[in-house]
Each structure stands twice: as structure tokens, then as C-alpha cells.
Amino acid sequence: MTVSVLDLGDDENRFSPDWLQRVHSFLDGVEGALVTTGGGKFYSNGLDLDWLTAHSDQAAEYVAEVQELFARVLTLPVPTIAAINGHAFGAGAMLAMAHDFRVMRADRGYFCFPEADINIPFTPGMAALIQGKLTPSAAIASMTTGRRFGGPEAVEAGLVDEVAAEGAVLKVAEERVRELAGKDRGTLGAIKATMFAPAVAALRAG
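The structure contained in this document is the topic of the report that follows. (Residues numbered from 1 in each chain as written. Predicted model: local features only at pLDDT ≥ 70, side-chain atom pairs only at ≥ 80, totals over all residues. Heavy atoms only, no water.)

1. Topic: the overall build of the protein
Then, in step 1: When you go through the protein residue by residue, the secondary structure sums to eleven helices and ten strands.
Then, in step 2: In terms of overall size, the protein behaves like a compact globule, its C-alpha atoms giving a radius of gyration of 16 Å where 206 residues would be expected to give roughly 17 Å.
Then, in step 3: Each principal axis of the C-alpha atoms in the protein carries an extent, and together these give about 45 × 35 × 35 Å.
Then, in step 4: Across the 206 residues that make up the protein, the buried fraction comes to 51%.
Then, in step 5: Taking the intrachain contacts of the protein between residues at least 6 apart in sequence as the baseline, contacts between residues at least 24 apart amount to 77%.
Then, in step 6: If you sum the accessible surface of the protein, you get close to 9,400 Å²; carbon and sulfur atoms cover 54% of it.
Then, in step 7: Taken together, the 17 basic and 26 acidic charged side chains of the protein have centroids lying 5 Å from each other. (Helix = DSSP H or I, 4+ residues; strand = E, 2+ residues; numbered from the N terminus. Rg over C-alpha atoms; globule rule 2.2 N^0.38 Å. Buried < 20%, exposed > 50% of the residue type's maximum accessible area, 1.4 Å probe, protein only. Contact = heavy atoms within 4.5 Å. Areas by Shrake-Rupley, 256 points an atom, 1.4 Å probe, with all protein chains shown as cover. Lys, Arg positive; Asp, Glu negative; His and termini not counted. Charge placed at Lys NZ, Arg CZ, Asp CG, Glu CD.)

2. Some words on the packing of aromatic side chains
Given two aromatic rings, one states the distance between the centres and the angle between the planes to describe the pair.
Then, in step 1: For the structure shown, the criterion picks out five aromatic pairs.
Then, in step 2: Measuring from centroid to centroid gives 4.6 Å for Phe15 and Trp19, while their planes differ by 5°, and the two rings are stacked. Both residues of the pair, Phe15 and Trp19, belong to the buried class.
Then, in step 3: A network of ring pairs unites the aromatic residues Phe15, Trp19 and Phe70 as a single cluster. (Phe/Tyr/Trp six-rings, centres within 6.5 Å; stacked < 30°, edge-to-face > 60°.)

3. Focus: the pattern of salt bridges
Then, in step 1: Tallied over the full model, the rule gives eight salt bridges.
Then, in step 2: Ionic pairing is found between Glu162 and Arg176, a salt bridge with its closest N-O pair at 2.6 Å. Placement of the pair is Glu162 in strand 10 (residues 162-164) and Arg176 in helix 9 (residues 169-178), with a sequence separation of 14 residues.
Then, in step 3: Linked through salt bridges whose partners overlap, the residues forming this network are Arg105, Asp107 and Glu166. (Salt bridge = Lys/Arg side-chain N within 4 Å of Asp/Glu carboxyl O.)

4. Focus on the side chain of Ser142
Then, in step 1: Turning to its location among the elements, Ser142 is positioned in helix 7 (residues 136-143).
Then, in step 2: The class of Ser142 is buried, set by a relative accessible area of 1%.

And the structure:
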């Protein structure tokens, strides 16, 4: 069964408009299963704050596009897994959270929602996405503290499902998702749309 691997890039992999368009184009062709990963120190550092600063008049449209990506990944009708090769911060961590499962590098990299420390509150959609995946205690521990979780701590908190050694993160992720591939797309898509209906509605509300 085909496993489509989306390389998010080898820099900070921030969500520029061009980056978002490339990711959507890739998702159009995904069939059996999806793995996303980065190629350097970062899985993704999230929102492109430099672009936002230069285009503040387009902020609402930009955030809507980011949230549409989250909603799409959340309900993609194939098994999905994030192979977190390095740092996943803010919206980058939210993108990972939108996947069905997450594998993180064991020895380096942080999983972090820094919003409480950078004075950027979560939108209702972003909060709903995270809370739809975490226990209440894990949501409080990660969303209100800005804490940086290493791999083992992220597993303990329920932010990720397992850790793997450097160089094995992608391999482990592909193995896990390949075992799940082959489900009927219509059925799986409907299950996810029902499971995450509140989060999807909040993400698409603006």
C-alpha cells in the first residue's frame, strides 16, 4: 500500500502562503497513507510571523488558510502520522496534532505551544483542535504553560504516541502507518469528520 511522504522542508518550515499552497497540492495526490516530516532541525516553527508583519491587512485570511489546512489534515480519509524530526512549535505543533498519530525523535527537539509566553492567544479553532486530541490535564499542561516537552516527556503527557532514535523517526512512522493503510476512504473520512466535528466547525468558522 502506498505511503505518501510529505517533506515539509529543511529550514524552519514556517507557513508562508506559498508553503501552504504546496502542502495542499501534495495532499491532493495522497492515496494510501500520509507521513509528514521535516529535513533539518525543525518539524515546523509554525506561523510565518515575518510575512504576517509585512501583510497585516491579510491576517484574517491567512489565519483562515492555516486553519483550513488543520481541518483538512484532521479529516483526511487516509491514516496519517507526523514524523517529528525536530522542533515543533506553535502552529507547527498544531499541524502535528492534526494527524492521527505522532512519532517524535527521542533525544533532541521540543514539542511546544508557546502562545502563553509570546502573548498570542489560541483561536477558538486552534484550541478546539488541541483539546480534541488531548486529555484536559494534558491540554492545561501544554496550552497554559508554554512548556517545551522533549520526546519522552511528550509521550508521558500524551502529546505524541512514541519516540524513536535519530535517523529512525521516519522509518518507524512509515511502518506504523503502513499497517493501517487500506481502509475505505469514504468510511474513514466519515469517521474522522464525525469524531472531530466540533474542532472542524471551529476551525472553519474563521
